[in-house]
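# Report on the structure
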Amino acid sequence: MDSFLIKGPCRLQGTVEISGAKNAMLPLMAASILTGGECVLENVPELRDTLTMKHLLEVLGVPVELGGGRMVMDASRVDHHEAPYDLVRTMRASIYVLGPLVAKFGRARVSLPGGCAWGPRPINLHLLGLKALGAEIKIDHGYIDAAADRLRGNEIILSLPSVGATINLIMAAVLAEGKTVIENAAREPEVSALAAALKKSGAIIEGEGTSRLEIEGVSSIRPFRHRVIPDRVEAGTYAAAAVLTGGEVEISGCRPDHMTAVINKLTSCGAEIDMRDNGLLVRGPEVISPVDIETGFYPSFPTDMQAQMMAVLCRARGSSSVMEHVYTERFTHVPELRRFGAQIILDGSVAVVTGVDSLQGAPVMATDIRASSALILAGLVSEGETKVLRIYHIDRGYERIEEKLRALGADIQRIKS
Ligand code: UD1
């Protein structure tokens, strides 16, 4: 397994180009199944998760060509309806094929995802919603078996605004008979991006970006050609890195309007952030001020930026609190950050971080995509060498992170094993 060797401390300076959003691309790849034709995506990030979803589509009978940020998916001959355990366990978003398969072909068999590094991640809302649309759902030897002659529109009230459930149910409802209303829907930009692509293809969807979605089912969806929106978490990670290192970084090709909560918190830390048409200029402060963070559903502070923000707060002058409301156990980075000398007290879903004057490089272990990026950030400002092990997590979600950081002046090398 590869690792990263980082020699710190450093101050980041320069321009970084943001890639397409993984969490917007994966639903769009699954949505190709609905069209029965050749779909094209542009601004596709080349990540491990991209390859996993490509593999899954190919297993289902959808050839996928990928190169130069462009992906062509030919969904005209889908001949399998099963997402196997080996793929689902490496990427939970494989569950996104469930809605499209049952809507288009009337059946799907998808391995149940297990827990994940930061605790339980249920999919009950996906299944309850599909049942409300008329699918018969059975659990069989670790697999979800879903069947329906044709889904029928219904009113679905989500008990939580789950991104994944909202996405799966939109994809199921667009081909259902009649009208579906999803109340308490997720409002994340990735949900709106999916709705935009499907609407261009003939789907009738209203209310994206709000908590109430109305979907009028249609009998078919045309193939789409769509550009993947920029990755707000990748952009936020580089913005956090600029603040932590006291650097000056232009974050190009991002959507500041998708990043308001993160920009506000980094500004409260003392950063100067200028909004540009298509990006941000972030200047880190000499002294980072402590801030209190509470994660929540969009537009609140994203759980996917909690670990990186905690790395920033490890160097603040004073104490900050970090409350995790979305995944209450998502703190696997805390013991690893302590290995750098960070002072963090964890009590349930609240961490109190007391900033220290300096961190020391250390060998640390990555546990998930965002925790890994927090460890890299800490390594950038630590004295001496940091070795980040198990970086396959970071390769799932960050495109060429070591190249992008090197171009900003970091001393980071990938060690192949
Ligand atoms: C997506 C993102 C992930 C992000 C998360 C929260 C993708 C591929 N992944 O994950 O990066 O961290 O949103 O912003 O886009 N829940 C249930 N039952 C369900 C589904 C969810 O109780 O059936 C709960 C979860 O435990 C969690 C909350 O709802 O507490 C939000 O989860 P959800 O929005 O579904 O996250 P994902 O879509 O899995």
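Residues numbered from 1 in each chain as written. Predicted model: local features only at pLDDT ≥ 70, side-chain atom pairs only at ≥ 80, totals over all residues. Heavy atoms only, no water.

The next point concerns the domain arrangement of the protein. Taken as a whole, the protein is organised into domain 1 (3-19 + 230-415) and domain 2 (22-227). Taking only C-alpha atoms, the centre of domain 1 and the centre of domain 2 are 30 Å apart. Between domain 1 and domain 2, the residue contacts involve 22 residues of the former and 22 residues of the latter. Per-residue buried area on domain 1 facing domain 2 is highest for Phe297, Tyr298 and Arg396; these three make up 31% of the total on that side. (Domains from an automatic or database assignment. Contact = heavy atoms within 4.5 Å. Buried area = accessible area lost by both parts, 1.4 Å probe.)

Here we come to helix H7 (residues 189-200). For H7, spanning twelve residues, the distance from its first C-alpha to its last is 17 Å, which sits close to the expected 16 Å at 1.5 Å a residue. Looking at H7, one finds that the buried residues are Pro189, Glu190, Val191, Ala193, Leu194, Ala195, Ala197 and Leu198. Looking at the buried positions of H7, the neighbouring elements they touch are helix H1 (22-35), helix H6 (163-173), strand S12 (204-206), strand S14 (225-227) and helix H8 (232-244). Positive backbone phi, approximately 110°, marks Gly202, located one or two places after H7. (Helix = DSSP H or I, 4+ residues; strand = E, 2+ residues; numbered from the N terminus. Expected span 1.5 Å × (residues − 1). Buried < 20%, exposed > 50% of the residue type's maximum accessible area, 1.4 Å probe, protein only.)

Looking now at the site of the ligand. Residues in close proximity to the ligand total 19 residues, the closest being Asn124, Ser162, Val163, Asp304 and Val326. Contact between the ligand and Gly164: an oxygen atom at 2.8 Å from a main-chain N or O atom of the residue. The contact in question runs from an oxygen atom of the ligand to an N or O atom on the backbone of Val326, over 2.5 Å. In isolation the ligand offers 740 Å² of accessible surface; the protein chains occlude 85% of this area. Contributing elements (two or more residues each) for the shell around the ligand: helix H5 (124-132) and H6. The element that contributes the greatest number of residues to the shell around the ligand is H5, accounting for three residues. (Near = heavy atom within 4 Å. Polar contact = N/O pair within 3.5 Å; in protein donor to acceptor, adjacent residues only side chain to side chain. Areas by Shrake-Rupley, 256 points an atom, 1.4 Å probe, with all protein chains shown as cover.)

Below, the discussion takes up the environment of Glu336. You can see Glu336 is positioned in helix H11 (residues 333-338). Between the C-alpha atom of Glu336 and that of Arg212, which follows or precedes it by 124 residues, the distance is 40 Å. If we skip the residues at most four places from it in the chain, Glu336 touches Val364, Met365 and Leu375.

Moving on: the pattern of salt bridges. Counted according to the given criterion, the structure contains 26 salt bridges. Here Arg414 makes a salt bridge to Asp2, at a shortest N to O gap of 3.2 Å. Of this pair, Arg414 sits in strand S25 (residues 411-415) while Asp2 sits in the segment before strand S1 (3-8); the two residues are 412 residues apart in sequence, bridging distant segments of the chain. Under the relative-accessibility criterion, Asp2 is labelled buried at 18%. A salt bridge links Arg212 to Glu214, with the nearest nitrogen and oxygen atoms 3.0 Å apart. Its relative accessible area of 22% is what places Glu214 among the partly exposed residues. Each of Asp2, Asp395, Glu402, Arg414 and Lys416 takes part in salt bridges that share partners, so that together they form one network. (Salt bridge = Lys/Arg side-chain N within 4 Å of Asp/Glu carboxyl O.)

This brings us to the nonpolar core. Nonpolar side chains in soluble globular proteins generally cluster together in the buried interior. Among the nonpolar cores identified, the biggest contains 78 residues, and Leu41, Ile170, Val174 and Leu198 are the most heavily contacted of them. Looking at this core element by element, the count peaks at nine residues for H1. Counting 71 residues, the second-largest nonpolar core is a separate cluster that includes Leu244, Ile263, Cys314 and Val364. (Core = buried A, V, L, I, M, F, W, Y, C linked by side-chain atoms within 4.5 Å.)

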